[in-house]
Amino acid sequence: MAPLRRTAAFLWAATAVILCFGVAVAQDPQMGVTYFDNLPGRLFFFEDTPTAVYHDLIAGEVFITQDEGNTWDRASDIPRGEAMMVIEHPFDTRYAFVLTSGTTHFRTEDRGRTWRPFDVPSPPAYTTVPLSFHSDPAKWGYVLYQGTECSQSGWDRTYYTTDGFSTEPEVLLRETTRCQFAHSSKDFKHDAHPDFIYCVAHDTSSTGPSHSITSSRLFSSTDFFRTITLEDFGTGRSAKGVVALAIVSKFAVVALRDTSPGASGDMMLYVTLDTKEWAKAQFPHASQARLRENAYTIVESTIHSLAVDVLSLDQGTIGTLFVSNSNGTYFVESLPDTNRNARGYVDYENVYGIEGVGIANVVANPMDVERKGQAKKLKSLITFNGGSSWAPLRAPDENIEGKRVACSPSGRGWCSLHLHSVTNPHNFGRIFSSPAPGLVIGVGSIGQPLAPYDECDTFLSTDAGLTWKMIQHKPHMYEFGDSGSIILLVNDDGPTEEVLYSLDFGNTWRTYNLGMSIRARGLTAVSDATSQKFMLLVQIPRHSHQPGEGHYGIIYLDFAGLRTRKCEDDDFEQWFGSFPSFMLFTCVLIGFVKQWYKRRKPYADCYVGDKFMDPVVHEEPCPCEEHDYECDYNYVRSGDICVPSGLERIPSTQCTSGQADETYMGSSGYRLVAGNKCDKGRGLRKDEPVSKPCSQAQPAEGEITNSRHEFPAEVLQYQFFKESSTIIVHLSDYTIWQSSNEGFTWEQKFPDERFVAFYMHTHANDRAYLLTDTSKYYYTTDGGRYWLPMEAPSPPNTFRAAVLSFQPRSDYLIWVGNVGCDGTGERCRAEARYSRDHGRNWDFIDDYVVQCAWARDEELKIDSTQILCESYRKKEGSQRTFGTENPLQLISGGDFYSKKTKLFNHVVGFTKFSEYLIVAEYLPQRKALDIQVSLDGRTFATGQFPPGMHPNTHAYTILESSTDSIFLHMTMSEYPSPYWGNILKSNSNGTYFGLSIENVNRDQYGYVDFEKFVGLDGIALVNVVADPTKAALTGKKTLQSRITHNDGERYLETLGATGKGLARTAISLLEYGKSFYRYWRVHLTDIHQKCALHVHGYTERTDARATYSSPAVVGVVMAVGNVGEVLAPYLESGTFLSRDGGFTWEEVHKDAHLWEFGDSGSVIVLVNDEEPTDHVLFTTDEGLTWREYRFSTEKLRIKAIVTVPEDTSRKFMLLGYKPQTSTSTIIHLDFTSLTHKQCVLNVDDPGHDDFELWSPSEERQEVCLFGRQTLYHRRKREANCVVGKIPKVEEKIVRNCACTVEDFECEFNYVKDSEGNCVLVSGTTPLASDNSCRGDDEYWYERTAYRKVPYSSCEGGWRPDQGTQHLCPGIKGHSTFFWLTVLLFPFAITALIVWWWYKKSGLARGTIRLPTSEYYWPDGMRRTAPGAGGALDTLASVPWFLLGVASIAYAYISSSIDALAVGFRSRRGYRDVPVDEDAQILRFEDEE
């Protein structure tokens, strides 16, 4: 029905003229009322026009005003009840579109005066905004339309038009989830083709009625998809799992689900600034927050950076805010514990027009909310520097009556102002600010936590949030007009009859009586706050409602008659922010220019009158300073300077004369930050080229370079930051050195300090800690770029305890230090303290401890507040004198050790491996050890061992647990014999151990010759003592090597009568000459036992990181050893290489060498490990050919070859020393210029690139390994190219294989006999059968002598682990009639409910009823429109094939999806991004 209108004149005559002054008192505002039946689904103005739209979503009608709300008319060209969605053209204010639920829609070209129908082939898709527009005003008619196909697949289809639907649109692309013009934002500036379009769509090669997320890709086209480009985001391979696309500010952002195995729903963001180059957004490993699906929100961002809020916990509504650098790729944690709601909205908003100023709410009690379910206590913070730092909002000293507030802001720090924000909206548009420069209003409270909304007051800031004053008691809705010279308030606490307004920036207030009682539901004006007219959306109370009038109304308020004089120049002032502290920030925040606005003076009695004119930003470039520059390409930050990451590449025309003193003009190492407009003429010129000697330039292609650095003392400790080029070195003279460019240049850190050690954070790749011999330490959170001092609670401990303990929540630290150890140290002890804020505050845990650690680990996912401590029972005296008479207890403390539980009375120690917590319990009565294993940190199971191999009589070493089992070495030899023992392997829960292999070598420190190959789980090399009886008598061990390819179930023998086993491997012997290499390949099938290969193992290494294999080049293995009967001494050994995971080997050099892999195996470097040397050997074809490079004129004894831990760099460091000296030398080798050719990877077309598919089952009889055939991508051996940063491709499981003997091992208490069969150990009994059923199991089986290798995924085939079959209780235990009754009963009940609702609703009588709807009001409450019944809720829990209510369900879904587009957030800018059924909804932020 048309709205009923009643205009209240309410125009009083002018008051008497005061003749002596000749001044007239201004009149009151003009007012009019228009009534409506329902609240609007959307209420919005066309940009920079007086035209507004009122969309009655329930009635399906649209009303238009052309005079800012004074008069309203129904859009009569649109049939009643048809309007489902109203979408305005964002770049041409003449146009808007009304979408219906069918295929006929409507368009206006004159801002709603007339509407013309147009037809499309499909109804609109179930997405918030089915239309996408081109940002070029000349291409206003370029529109993309997302439609839904009512076919079997039901996937969306995108259409396009170039004339605004004047003609029928054409199909753009099928099976899409979102399409968008690359030119759809004025801020996203690039030179792409004008018709460039992105589409998130499913690969049409996918089969079946539905698609998985892995088939979702990002496609692009410049000719409306006549030709299609698949975006690979610079990875060189098709990017799978594209979930969402959004253009935010100057960035295009794509969200991908990580589809690699074990990714657990983690997400990846890729960002581009120019549509050409994509970069993966890097989030700090330090943060506990992870990008997960439906768990992050791209919030309001600036033109300089992206802001992303990530859900911190799997469940809950607390997040962490991250802010990016200028190109949107590197994020830093800006604010933890941000407040979110269940729909993904975040309490964060920028102050309009003032770059870098934002207000956020954080949860002050996150632990209580997370663990105890307590209500959130919110507090507000403000940033003036783009999120780099945050501070509380300064509370006013006085309230509105001039009385001092209950707490003084100058007193305790908790006295600050807190404001309700985005998650609790009560009005249209932005929460705090408007285009009126510097004016900010909020509803909040003063004190510690934010009070409930109805207990709050209203506050105003005129300086962008720096200072505040209370302007009214109780909460009010607010709106700005006339560029801020009018501020209008209306009570939001209940019914009211008046509004308040101020003409002097809130200093004084006037009241205007409406003459009627109303309940305010919204207050708005034109979006740029330049008009003097307002629209107040109200609900009419029942007692004031008149018959024939609607229950809701728009009150039109016109303040234009209040002031008659238009402001002149003298009435304005320059506004920078009237406070000196803000002036310090202005140059840093706003593109490195000083911004100011022209703003009316507070007490100027005039109106601005610049209607539809946005505030003009005036810019004054600031002088360039240090912070205006960033590191140039090929340079990295080291503290306050940029250092070269290597030699600089220069044009081929430079440095060609060969003269020693020749120079070139190269980079200074600095460049201006992108978008920076600072004035170099008045400031620093750090980016001007500088003259450099040609020795600092990269050599010609094919050459290698080196540089040298001398350290004054021995190197004790060195380690790279993971995924970084920065390395730290600790010397024996207590100094710390750092290189940020892989050893090319070095810098001593804090020369005046005496460092005893450094720690790398085990869960945060960019955090490290430098420990001095006092309580002072230094830490970094950015990979060593900057180090900050911090005070620990005590000096590092001198007991056998780790000083620092870490967990995945990287701000959680435990420090164990010395207390009372000065002087005589009568109570010298180790004391443990914990911190939840990265060392700013420390709380006591316990003293007289040895080791305290967080129970939670990366894979041991238990209570993050649980702490485990080895604590002495008697806590007195000096801990240095304690012995076994004072037992070491294991204490578990929940809730940060406040709830203590003693787990064990006496322990030797505990450790964490993968998902296992393992405790060595000491039993004093038997003087024996027990192994206790837990998967949850609370309940423990005692390890069960084969006869004669219990830890109560033997020492043991926990080896590893990467394949769902624990490997344990049990020492079997007795003193004074040399050490060896048996390796035992557990079942999947770590409790039952069986024998894997006997007589494995270990040393006196407990280290064992056992090593698994990196990247190939289940393949391991061990060394066994060949003749343990003889070794016990002579004290000398002879070793032989064994290899397993099925996780220890079977080891290939190197000795035996048959000479088979490892001797089957093919060994290529390489003979080294002066100027050439020759090699012969000798294939050994049943060769004599004297020709087996034996390699030196873990116990002989000086550096445990020098592993056989590399994480970057799967299957390639190197070792030092010999071919013969037993392992020869190290100095008599050669160097061997395998390319197939240890199945076949080649000898690559006669002498023992150290080795290191670089650039994912494209470079392998060897250096002599037997004597001092002056050269290295290297290969670029994995050992087919070797070349020599001489790095020095004098020989050095090399201790290690060092490179980045990922083995992806072409730069190496040789760590050595001159013989007979105590100094250390590092030789930096750079193979970067060896070739500049980049490797090409094409996952979709293998064999036509530089990579090969390799399987560890090749070159042997077995086709499968661990019950599956797996293929890996790796560089072809002959491809001479740079792998570089090509992302590692996950392994591809071709198929699961049928189970064979290789997939099984002996059950507990069983061992293999001489024929390889599992037999029961004499005197033992087998385990009882497990009759429990899991998942969808139909049967359970009695135990046998075999159990399946936990890591195997074989299916069917030979199953010796399954004994007699028994039926599982459940479905099979009941008759068919029983289960039919159970299944059909809910349907019968549901049918009755639907029938009842159908009759009650009127549909059975043939009446017309509008679609039901669900919508959200500004107060955040969800309401159901009249006619929505409970039966529809029932439909969510019954199968889709209840065809009798299909049409009702369709209407419900259509209107509900549309309801998400409610316009109360139109200027706040969130939107929901539709994705497929797996991905649900991710939220991205609209730019203004």
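In this convention, every chain numbers its residues from 1, walking through the sequence in written order. Residues qualify for local features only when their pLDDT is at least 70, as the model is predicted, and side-chain atom pairs are given and counted only at 80 or more; totals for whole chains, interfaces and linings, by contrast, use all residues. Side-chain metrics rest on all non-hydrogen atoms present in the structure, leaving aside hydrogens and water.

Caption draft 1: Examining the overall build of the chain more closely. Secondary structure elements are defined from DSSP: runs of H or I of at least 4 residues count as helices, runs of E of at least 2 residues count as strands, and each element is numbered from the N terminus. For the chain, the helix and strand inventory stands at 7 helices and 103 strands. The classification of residues rests on relative accessible area computed with a 1.4 Å probe and restricted to protein chains. Under 20% of the type maximum is buried, over 50% is exposed, and intermediate values are partly exposed. Per-residue burial for the chain yields a buried fraction of 56% across its 1488 residues. Considering only contacts within the chain whose residues lie at least 6 apart along the sequence, 55% involve residues at least 24 apart. Only the protein chains shown count as cover for residues, and all accessible areas are computed by the Shrake-Rupley method using a 1.4 Å probe. If you sum the accessible surface of the chain, you get close to 63,600 Å²; carbon and sulfur atoms cover 51% of it. Note on contacts: a residue pair is in contact if any heavy atoms of the two residues lie within 4.5 Å.

Caption draft 2: View of the state of the cysteines. A pair of sulfur atoms, both from cysteines and within 2.5 Å, is called a disulfide here. Counted under the stated rule, the structure contains 10 disulfides. Across the disulfide from cysteine 852 sits cysteine 869; the S-S distance is 1.9 Å. In this structure the cystine formed by cysteine 852 and cysteine 869 twists about its S-S bond by roughly 115°; its chirality is therefore right-handed. Taken as a pair, cysteine 852 in strand 62 (residues 849–854) and cysteine 869 in strand 63 (residues 867–872) lie far apart in primary sequence, 17 residues in all. Residue class for cysteine 869 comes out buried when judged on its relative accessible area of 0%. Across a sulfur-sulfur distance of 2.0 Å, cysteine 1239 and cysteine 1281 are joined as a disulfide pair. An S-S torsion of about 95° defines the bridge between cysteine 1239 and cysteine 1281 as right-handed.

Caption draft 3: How the structure looks around the pattern of salt bridges. Each salt bridge in this description consists of a side-chain nitrogen of Lys or Arg and a carboxyl oxygen of Asp or Glu lying within 4 Å of one another. Counted under the stated rule, the structure contains 49 salt bridges. With a closest N to O distance of 2.8 Å, aspartate 309 and arginine 340 form a salt bridge. Separated by 31 residues along the polypeptide, aspartate 309 in strand 23 (residues 307–311) and arginine 340 in the loop between strand 25 (331–339) and strand 26 (348–350) bring together distant segments of the chain. Accessibility classification places aspartate 309 together with arginine 340 in one group, the buried group. Taking the shortest distance from any N to any O, the salt bridge between arginine 1050 and glutamate 1302 comes out at 2.7 Å. With a gap of 252 residues between them, arginine 1050 in the loop between strand 76 (1039–1044) and strand 77 (1051–1052) and glutamate 1302 in the loop between strand 93 (1292–1296) and strand 94 (1304–1306) connect regions that are remote in the sequence. The exposure class assigned to arginine 1050 is partly exposed, which follows from its relative accessible area of 31%. Glutamate 1302 sits in the partly exposed class, given a relative accessible area of 21%. Here the salt bridges share partners, and the residues they tie into one network are Lys985, Glu1305, Glu1307, Arg1343 and Arg1347.

Caption draft 4: Spotlight on the environment of glutamate 626. Examined against the element boundaries, glutamate 626 turns out to sit in the loop between strand 42 (618–621) and strand 43 (629–631). In contact with glutamate 626, not counting residues within four places along its chain, are Leu684 and Lys686. Polar contacts involving the side chain of glutamate 626 include one to the side chain of lysine 686, which spans 2.6 Å. A 3.5 Å cut-off defines polar contacts: any pair of N or O atoms within that distance qualifies, except that in protein one atom must be a possible hydrogen donor and the other a possible acceptor, and neighbouring residues in sequence count only when both atoms are side-chain atoms.

Caption draft 5: Inspection of the pairing of strand 68 (residues 928–934) at higher detail. Within strand 68, 7 of the 7 residues are buried, which leaves it mostly tucked inside the rest of the structure. Note: strand 67 (residues 916–923) against strand 68, 7 bridges, orientation antiparallel. For alanine 920, the partnering residue across the bridge sits in strand 68 and is isoleucine 931. Following strand 67, the chain reverses through 4 residues before pairing antiparallel with strand 68; lysine 927 in that reversal takes a positive phi of roughly 50°. At least two DSSP bridges between two strands are required for those strands to pair. Where strand 68 lies against strand 69 (residues 941–942), 2 bridges are found, and the strand directions are antiparallel. Bridge pairing in strand 69 places valine 933 opposite alanine 941. Joining the antiparallel neighbours strand 68 and strand 69 is a turn of 6 residues, in which glycine 937 adopts a positive phi near 80°.

Caption draft 6: Quick look at the packing of aromatic side chains. When two rings of Phe, Tyr or Trp (its six-membered ring) have centres within 6.5 Å they constitute a pair, described as stacked for plane angles under 30 degrees, edge-to-face for angles over 60, and tilted for the intermediate range. With the rule as written, the count across this model stands at 50 aromatic pairs. Centre to centre, the rings of phenylalanine 1304 and tryptophan 1358 are 5.8 Å apart; their planes meet at 85°, and the pair counts as edge-to-face. Taken as a pair, phenylalanine 1304 in strand 94 and tryptophan 1358 in the loop between strand 98 (1346–1348) and strand 99 (1365–1367) lie far apart in primary sequence, 54 residues in all. Taking relative accessible area as the criterion, phenylalanine 1304 reaches 1% and is therefore assigned buried. The residue whose ring lies beneath arginine 754 is tyrosine 734, and the NZ or CZ to ring-centre distance is 3.7 Å. Both a distance and an angle decide whether a charge sits over a ring: NZ of Lys or CZ of Arg must be within 6 Å of the ring centre and within 35 degrees of the ring normal.

Caption draft 7: View of the sheet that holds strand 32 (residues 457–461). Taken in spatial order, the 4 strands line up as 30-31-32-33 in an open sheet, and their pairing is antiparallel. Either end of the sheet is taken by a strand with one partner, and the two such strands are strand 30 (416–419) and strand 33 (469–472). Each strand axis lies, on average, 55° off the axis of its neighbour in the sheet, ignoring direction. Bridging between strand 31 (residues 440–447) and strand 32 involves 5 bridges; their strand directions are antiparallel. Residue pairing across strands places valine 440 opposite serine 461, the latter belonging to strand 32. Whenever a helix is involved, its axis is fitted only over the stretch in contact; in every case the axis is a line through C-alpha atoms, and angles between N-to-C directions fall within 0 to 180 degrees.

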